[in-house]
Amino acid sequence: DKLLPSVRSFGAQDLNMSNAPNPKLLDLRAQGSRAVQSFMRTFGPDDASPDADSIPMTEKKERPKRYVNPKTGKEISRLKSVVVDSKGNVLMKRLITLSMVGAFCAACALMFLSGVAVEEEPPKAVKEEVVVQDDMQAKWISRDDFCMSCAHAPSRKWSWWFGWGSCDCFAGWSGACCDIPHLNSGECALYEDTLEVIHDHSVVPGIPFHKDLVTSPCSNAWSIDALGQGVAPVVVNMLYNVIDEQPPQYVRDSLDELHAATQDNSYWSLVWGTLKMFARIFTDDRGAEYEMLSSLQECEGVASDYSTDSTGLTALSTMGKCYEAQMDALDGTHDEGYKPTLPEYNNFWRLIDAEESVLFAMVDSVNDTIPVAWMRNDDMFGWLRTVGSNPDMLRIATSADFGVNFDVTNAMYNTAMGESGSGTLNAALAAGRLFMMDFSIFGDGVEDNNGKFLHAPKALFAVPVDTTQRLRTVAIQQYQTPSTEHPLMGAPDPGIRDSWDTNSDGSKTFGSSLSEADKKTLVKWAMLKTSVQSAESSYFEVVTHFGRTHLVMEPFMIAANVAFHETHPIRKLLHPHFEGTLHINQGAVDALISEGGVIDKIFPPPISITQSLAVASCKDFLENFNDNMFDVAFQKRGTTTLPAEYPFRDDGMLLWNAIKDWTYKYLTIAYSSDAQMRKDPWLKCFWDLLVSPSGGMLQKVGDNNNGKLHTRRYLSEFLALIIWTSSGQHAATNFPQKDVGAHITMNPTSSWSKGRLDPADLDISNWFDMLPPLHEAFDQLNTEYLLGSVHYNRLGRYEEDYAAGHFEGEYREAELEFQAALENVRSTILARNNEAGTMRGDVWPYEILMPENTPNSINI
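The structure presented is a predicted model; accordingly, all values stated were derived computationally and were not measured.

**Side note on the overall build of the protein chain**
Here is step 1 of the chain: Scanning the protein chain from N- to C-terminus turns up 33 helices and 19 strands.
Here is step 2 of the chain: The proportion of buried residues among the 860 residues of the protein chain is 57%.
Here is step 3 of the chain: Contacts spanning at least 24 positions in sequence make up 72% of the contacts within the protein chain whose residues lie at least 6 apart.
Here is step 4 of the chain: Carbon together with sulfur atoms contributes 51% to the accessible area of the protein chain, which is approximately 33700 Å² in total.

Now the structure itself:
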């Protein structure tokens, strides 16, 4: 109560400060007083939270936690190595023995002053049978040899007071401080937060999911990051769309500062920077911005909430209401269902330069009223198969893909590839140069769900004989079975794709030399590509993203919390990669993938089907665990070497190998041999929970796919897959949303028409019919931008981004080696992005898997 007003006054005085953290607050925090610790907890997660170490301060310190004695069920204070008096004052951390007599006198005096009494030794507790863990405990406990507080000892021997005695621990406890709970044979102990696994969650039934959370799903650090880095730009962008102006430079600069603050985990710079920006927008000399916002009652509290809200939750709620009010104001300027023009769509995101729209190869000029570049060539369309949000769906084609329901001809292949001859298609198939995307998972598609349609397309791609060339599109079909309304179509003849007339404003229109039939061909091809993009949006969001990253992490997080003590090396290795995930998953099932949520609004499948797809994809991952190893997955899809330019595969392999090396080195420190690893009862508990049908449901797992764990080498790959999924895999599918997913004309989340190709009067308006109306377009833009823009923490930066001193000794040395390997990965990716003659060098650098852009955990 005393500190809150003063700290807020610091913020008011320092609104013009740079990106550096508030030095006054850091000075207070450094003192480590109990009052400051209490204050800090009001700005972060509750101590009971599994993510209680996740506050993104510049100087992170591990807070005392509470744990449960599995024998008694009582909470235990974890204030280690400290003796306090009745007022909470620290008396001593270690008794230094100068001499036998002097030490004895000092100990007696201290005991008298502090009221600490030496207990008489009661009868020894009967020791229960415990599992002996060789010498591993010594490795797992990072502390001094002497411990001043033995929380679970019936007595302290007289020699303990002089620094060389040990504690006599209660049954089931051991360690220098009697704080290492043993496992009885066959027993798993609950150490934290009593996380439980269930398989009957109302939204995602049939797979392992956590039963409940101790704290609110928004009460940890990532909600503040989302507020500053994601929600604030969305609200600001909406403001300037409503008043139809471009944001001034100070707004762009402020948002850049917020992004930098989040990248650096500079919590206070994030909060005060956001406050500063909104305070300036809300001053009455800003003209149209102020006039608009002052007319919307829902927006009045945004700036003031930042100065009074200690958790960010009130400000987040206010900004959400402000956004909805702005959407209503924007809707009021157009008729219901209004479809914007192409320049209007491309200008929705006011915080980037309009010319950057050309990057996405939809248009040549911001004034183009038709998707010129989208119809002229397929370079970007093919490129998205390897760098978009669904980069691991491409697979090698087989003879079973062709036939009456997908009757690609040799002539279609020759037109697309510029080849000639009668056997070129079969030759490409035999050479392994044909690749498929097949959305058969969608069956017959979705027909008119509140105006939204979902196709179930097939698309054939090919690599030229010169395999260094770009992936080309050969043929597309909108549904699994062709029909008059939705026939199979090959890529248009290049001769009609380069005929365009240029207007005085630089915009282009169909070339005057084109026939009406040629124009229709180009429009149909644009519609077919949009059908694929729309279907891929539904697939990636529910299957690749939510099902195969978010949901599959659930059993590992729960099992690690149940089985491992906090000092266990595997717990310490994995815990940073779980930060924020339970909370974001809870938010997803509550608001994102639930009835009436955002996914229900902007994606075409009924929400029950969406939920079923997410569950099925998660289940497939868990039941075929070893098939998901990064290198194995490409082998099974037949895409290990082709296409030649495949950034997700190539950059991902660099990260995958670095992670595998890190986990193996780590395990050789934790366990001196495979035999010692197999004796670890906590690891056995962890493993048994995961392979249990009533637990993690893992199948096809273990050294020989038989559910048994034998070697450290396999365990290192097992743990590497968990870490890869929480970091690189999630980054690769999540962060393209900001650019690709938010680009509405290229990537509509739904088709807003059936997309028939047979109308006699078909023209470019039929392609526009597939795009979303104004309101739904902004819902897509804002949702995809928000989900794809929030970066919190960085892969491998445990010391800097998670907790100082998290790894020590040999583990810290191995961590530094991992960081050096990641720096090499970064250098290689930079070189690839600067290579002339490539898509990533000439058109679109692939930066998604740069280590600094890859978070440790799934926290958005």
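After that view of the structure, there is still more to cover.
**Some details on the pattern of salt bridges**
Here is step 1 of the chain: Going through the model one piece at a time under the given rule, you end up with 23 salt bridges.
Here is step 2 of the chain: The residue Arg840 makes a salt bridge to Asp651 at a minimum N-O spacing of 2.6 Å. With Arg840 in helix α33 (residues 839-842) and Asp651 in helix α25 (residues 647-670), this residue pair connects regions lying 189 residues apart in the sequence.
Here is step 3 of the chain: For Asp651, a relative accessible area of 0% translates into the label buried.
Here is step 4 of the chain: The partner of Arg826 in a salt bridge is Glu852, and the shortest N-O contact between them spans 2.9 Å. Residue Arg826 is found in helix α32 (residues 810-833), and its partner Glu852 is found in the segment after α33; the two are separated by 26 residues along the sequence.
Here is step 5 of the chain: Residue Arg826 is classed as partly exposed on the basis of its relative accessible area, which comes to 28%.
Here is step 6 of the chain: Where salt bridges share partners, they join Asp364, Arg376 and Lys508 into one cluster.

**A closer look at the packing of helix α19 (residues 554-563) against helix α27 (residues 681-691)**
Here is step 1 of the chain: Where α19 meets α27, the axes come as close as 9 Å, and the angle between the chain directions of the two elements is 145°. Viewed along their axes, α19 and α27 form a crossing whose handedness is right-handed. Here Pro555, Phe556, Ala559, Ala560, Val562 and Ala563 of α19 come into contact with α27, specifically with Trp682, Cys685, Phe686, Leu689 and Leu690.
Here is step 2 of the chain: Per-class residue counts for the contact of α19 with α27 are 11 nonpolar, no polar and no charged.

**Points about α27**
Here is step 1 of the chain: The set of residues buried in α27 consists of Pro681, Trp682, Leu683, Cys685, Phe686, Trp687 and Leu690.
Here is step 2 of the chain: With a side-chain oxygen lying 3.0 Å from the backbone nitrogen of Trp682, the N-terminal cap of α27 falls on Asp680.

**Some remarks on the packing of aromatic side chains**
Here is step 1 of the chain: Following the criterion strictly, the structure yields 32 aromatic pairs and no others.
Here is step 2 of the chain: Look at Trp767 and Phe768: their rings are 5.0 Å apart centre to centre, the planes differ by 70°, and that puts the pair in the edge-to-face class. The two residues Trp767 and Phe768 agree in class, both being buried.
Here is step 3 of the chain: For Lys529, the ring lying beneath its charged end belongs to Trp374, and the centroid distance is 4.2 Å.

**Some remarks on the sheet that holds strand β15 (residues 458-462)**
Here is step 1 of the chain: Overall, antiparallel pairing links the five strands, which are arranged β11-β12-β15-β16-β17 in an open sheet. Looking at which strands have only one partner, the edges of the open sheet turn out to be β11 (395-396) and β17 (489-490).
Here is step 2 of the chain: Where β11 meets strand β12 (residues 434-438), two bridges bridge the pair, whose relative direction is antiparallel. Paired with Ile396 across the bridge in β12 is Phe435.
Here is step 3 of the chain: The strands that helix α15 (residues 410-417) touches are β12, β15, β16 (472-477) and β17; relative to β16, the one it contacts most, it runs at about 140°.

**Some remarks on the environment of Tyr811**
Here is step 1 of the chain: When you line up the elements, Tyr811 lands in helix α32.
Here is step 2 of the chain: Taking relative accessible area as the criterion, Tyr811 reaches 10% and is therefore assigned buried.
Here is step 3 of the chain: Taking the C-alpha atoms as reference points, Tyr811 and Ile669, separated by 142 residues in sequence, lie 7.2 Å from one another.

**With respect to the pairing of β16**
Here is step 1 of the chain: By the criterion of burial, β16 is predominantly enclosed, with five of the six residues buried.
Here is step 2 of the chain: Relative to β16, β15 runs antiparallel, the two being bridged by five bridges. Of the residues in β16, the one forming a bridge with Phe461 is Thr473.
Here is step 3 of the chain: Here β16 runs beside β17; their pairing, made up of two bridges, is antiparallel. Residue pairing for β17: Ala475 is matched across the bridge by Gly490.

**A few points about unusual backbone geometry**
Here is step 1 of the chain: Each neighbour pair has its own omega, and for Leu642 with Pro643 the value is -5°, a cis peptide bond.
Here is step 2 of the chain: Within the element layout of this structure, Pro643 appears in the loop between α24 (630-637) and α25.
Here is step 3 of the chain: For Asn450, which is not glycine, the phi torsion reads 55° and is therefore positive.
Here is step 4 of the chain: With respect to the secondary-structure elements, Asn450 resides in the loop between β13 (446-449) and β14 (452-454).

**Topic: the side chain of Glu784**
Here is step 1 of the chain: Turning to its location among the elements, Glu784 is positioned in helix α30 (residues 774-789).
Here is step 2 of the chain: Despite its burial, Glu784 pairs with no opposite charge; the closest candidate is Lys452, at 12 Å N-O.
Here is step 3 of the chain: With sequence-adjacent residues up to four places away left out, Glu784 is seen in contact with Phe540, Glu541, Phe603, Gln737, Lys738, Gly741, Ala742 and Thr749.

**Thoughts on the environment of Met850**
Here is step 1 of the chain: Mapped onto the elements of the fold, Met850 is located in the segment after α33.
Here is step 2 of the chain: When the C-alpha atoms of Met850 and Thr828 are compared, they prove to be 9.5 Å apart, with 22 residues separating the residues in sequence.
Here is step 3 of the chain: Setting aside chain neighbours within four positions, we find Met850 in contact with Arg826, Ile829 and Leu830.

**Concerning the side chain of Glu554**
Here is step 1 of the chain: Relative to the assigned elements, Glu554 resides in helix α19.
Here is step 2 of the chain: At 14 Å, Lys211 is the nearest oppositely charged side chain to Glu554, a buried residue that forms no salt bridge.
Here is step 3 of the chain: Beyond its immediate chain neighbours, meaning those up to four positions away, Glu554 contacts Pro208, Phe209, His210, Leu582 and Asn585.

**A few points about the pairing of β15**
Here is step 1 of the chain: For β15, the buried fraction is high: five of the five residues fall into the buried class.
Here is step 2 of the chain: Side chains Lys458, Leu460 and Ala462 project from β15 onto one buried face, and the interleaved Ala459 and Phe461 project onto a second face that is buried too.
Here is step 3 of the chain: When β12 meets β15, the two strands line up antiparallel, connected through five bridges. From the neighbouring strand, Leu434 faces β15, where its bridge partner is Ala462.

**Side note on the nonpolar core**
Here is step 1 of the chain: Core analysis: the largest hydrophobic core is formed by 185 residues, its most contacted members being Phe625, Phe686 and Phe718.
Here is step 2 of the chain: Setting aside residues up to four positions removed in sequence, Phe718 forms contacts with Phe556, Phe625, Met629, Phe686, Trp687, Leu690, Leu698 and Val701.

Calculation rules
- Residues numbered from 1 in each chain as written.
- Predicted model: local features only at pLDDT ≥ 70, side-chain atom pairs only at ≥ 80, totals over all residues.
- Heavy atoms only, no water.
- Helix = DSSP H or I, 4+ residues; strand = E, 2+ residues; numbered from the N terminus.
- Buried < 20%, exposed > 50% of the residue type's maximum accessible area, 1.4 Å probe, protein only.
- Contact = heavy atoms within 4.5 Å.
- Areas by Shrake-Rupley, 256 points an atom, 1.4 Å probe, with all protein chains shown as cover.
- Salt bridge = Lys/Arg side-chain N within 4 Å of Asp/Glu carboxyl O.
- Axes fitted to C-alpha atoms, helices over the stretch in contact; angles between N-to-C directions.
- Left-handed = near helix turned anticlockwise from the far one by under 90°.
- Nonpolar A, V, L, I, M, F, W, Y, C, P; charged D, E, K, R; others polar.
- Polar contact = N/O pair within 3.5 Å; in protein donor to acceptor, adjacent residues only side chain to side chain.
- Phe/Tyr/Trp six-rings, centres within 6.5 Å; stacked < 30°, edge-to-face > 60°.
- Lys NZ or Arg CZ within 6 Å of the ring centre and 35° of its normal.
- Pairing = 2+ DSSP bridges.
- Lys, Arg positive; Asp, Glu negative; His and termini not counted.
- Core = buried A, V, L, I, M, F, W, Y, C linked by side-chain atoms within 4.5 Å.

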